[in-house]
Amino acid sequence: MKRCAIACYLNAIAAAAGTAGVILTVLSSTATPDNTLSGLGLTVAAGVAAVALVLLAIWLPTRRGNHDPVSTVSVVAAIALFTYVLGQVVSQRIMLIAGLFSFNAGNAAGWGVFRLVVAAAVCLLAADVLLVAGSFNRSVK
């Protein structure tokens, strides 16, 4: 950790935000039996793989230096996987959100799921932005 530069810390925060986003995704799917996500296993696997790739991108530059192609590819893949998870969560909740804001405003369980989806989307989007910002900086001193 003594050799870590700004990108290392941004990637670590992105890994934490991505982990929180995946956990919130699972919680939004299991909050009520009526609002389960289809393909939850694949979505969670993509999120876990993205977090693992971010951790690889944190560890590899300490061994191979700043401009390692494997860590660069792992960051790009992690961004793609976090974006996939975000797309799955939001696209499967569009009808729920439309219903809550139009004719079904009294659905308390739906609002709870909506809050979890918003929190998951914010975490996953923050992870993507942090990974992009970290890719423009040095990982090790």
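See the structure above.
It should be emphasised that the depicted structure is a prediction, and the values quoted were computed from it without experimental measurement. (Residues numbered from 1 in each chain as written. Predicted model: local features only at pLDDT ≥ 70, side-chain atom pairs only at ≥ 80, totals over all residues. Heavy atoms only, no water.)

**Q** In this structure, what is going on with the overall build of the chain? I would like to understand it.
**A** On a plain count of helices and strands, the chain comes out with five helices and zero strands. Dimensions along the principal axes, computed over C-alpha positions, put the chain at roughly 55 × 25 × 20 Å. On the chain, roughly 7,400 Å² of surface is accessible, and the fraction owed to carbon and sulfur atoms is 73%. (Helix = DSSP H or I, 4+ residues; strand = E, 2+ residues; numbered from the N terminus. Areas by Shrake-Rupley, 256 points an atom, 1.4 Å probe, with all protein chains shown as cover.)

**Q** Explain the packing of aromatic side chains to me, please; I cannot follow it from the model alone.
**A** Taken as a whole, this structure holds three aromatic pairs when the rule is applied. Relative to Phe114, the ring of Phe101 has its centre 5.5 Å away and its plane inclined at 80°; by these criteria the two rings are edge-to-face. Highlighted residues: Phe101 in the loop between helix H4 (94-100) and helix H5 (108-135) and Phe114 in helix H5, separated in sequence by 13 residues. Classification of Phe101 by relative accessible area gives exposed; the value is 55%. Given the relative accessible area of 17%, Phe114 is considered buried. (Phe/Tyr/Trp six-rings, centres within 6.5 Å; stacked < 30°, edge-to-face > 60°. Buried < 20%, exposed > 50% of the residue type's maximum accessible area, 1.4 Å probe, protein only.)

**Q** Mind showing me how you'd approach the packing of helix H1 (residues 6-30) against helix H2 (residues 40-64) here?
**A** Helix-helix packing is characterised by the crossing angle of the two axes and by the distance between the axes. For the pair H1 and H2, interaxial distance at closest approach is 9 Å and the crossing angle is 170°. One way to sum up the angle between H1 and H2 is to call them roughly antiparallel. Across the interface between the two elements, Cys8, Asn11, Ala12, Ala15, Gly18, Thr19, Val22, Thr25, Val26 and Ser29 of H1 pack against Leu40, Thr43, Val44, Gly47, Val51, Val54, Leu55, Ala57 and Ile58 of H2. Partitioning the contact of H1 with H2 into residue classes produces twelve nonpolar, seven polar and no charged. (Axes fitted to C-alpha atoms, helices over the stretch in contact; angles between N-to-C directions. Parallel < 35°, antiparallel > 145°, perpendicular 65-115°, else oblique. Contact = heavy atoms within 4.5 Å. Nonpolar A, V, L, I, M, F, W, Y, C, P; charged D, E, K, R; others polar.)

**Q** Any chance you could explain a nonpolar patch on the surface here in plain terms?
**A** The grouping of Val90, Ile94 and Met95 at the surface amounts to a nonpolar patch, some 290 Å² of accessible area in total. By the secondary structure assignment, Val90 is in helix H3 (residues 69-91). (Patch = residues over 30% accessible without salt bridge, like charges linked within 9 Å, V, L, I, M, F, W, Y side chains within 5 Å. Salt bridge = Lys/Arg side-chain N within 4 Å of Asp/Glu carboxyl O.)

**Q** What's the story with the packing of H1 against H5 in this structure? I'm lost.
**A** Interhelical geometry of H1 versus H5 gives an angle of 160° and a closest axis separation of 8 Å. When the axis of H1 is compared with that of H5, the two are roughly antiparallel. Crossing hand, H1 versus H5: left-handed. Residues belonging to the contact of H1 with H5 are distributed by class as follows: 20 nonpolar, six polar and no charged. (Left-handed = near helix turned anticlockwise from the far one by under 90°.)

**Q** Honestly, the nonpolar core in this entry has me stumped. Any pointers?
**A** It is characteristic of soluble globular proteins that their nonpolar side chains tend to be buried jointly. With 29 residues, the main nonpolar core has Val54, Phe82 and Leu131 as its most contacted residues. Elements with a minimum of two residues in this core: H1, H2, H3, H4 and H5. It is H5 that contributes the most residues to this core, nine residues altogether. (Core = buried A, V, L, I, M, F, W, Y, C linked by side-chain atoms within 4.5 Å.)

**Q** Is there a simple way to think about the environment of Leu37 in this case?
**A** Within the secondary structure layout, Leu37 lies in the loop between H1 and H2. When the C-alpha positions of Leu37 and Arg138 are compared, they lie 38 Å apart, and in sequence the two are 101 residues distant. Leave out the neighbours within four places in its chain, and Leu37 touches Thr25, Ser28, Ser29, Gln92 and Arg93.

**Q** Just to check I follow, could you spell out the environment of Ile58 for this structure?
**A** Inspection of the secondary structure puts Ile58 in helix H2. Measuring from C-alpha to C-alpha, the distance between Ile58 and Asp128 comes to 15 Å, with 70 residues separating the pair along the chain. Setting aside residues up to four positions removed in sequence, Ile58 forms contacts with Cys8, Asn11 and Ala12.

**Q** When you look at the side chain of Ser74 in this model, what are you seeing that I'm missing?
**A** Within the fold, Ser74 resides in helix H3. In terms of polar contacts, Ser74 uses its side chain to reach the backbone carbonyl oxygen of Ser71, at 2.8 Å. Beyond its immediate stretch of four places on either side in the chain, Ser74 contacts Leu53, Leu56 and Ala57. (Polar contact = N/O pair within 3.5 Å; in protein donor to acceptor, adjacent residues only side chain to side chain.)

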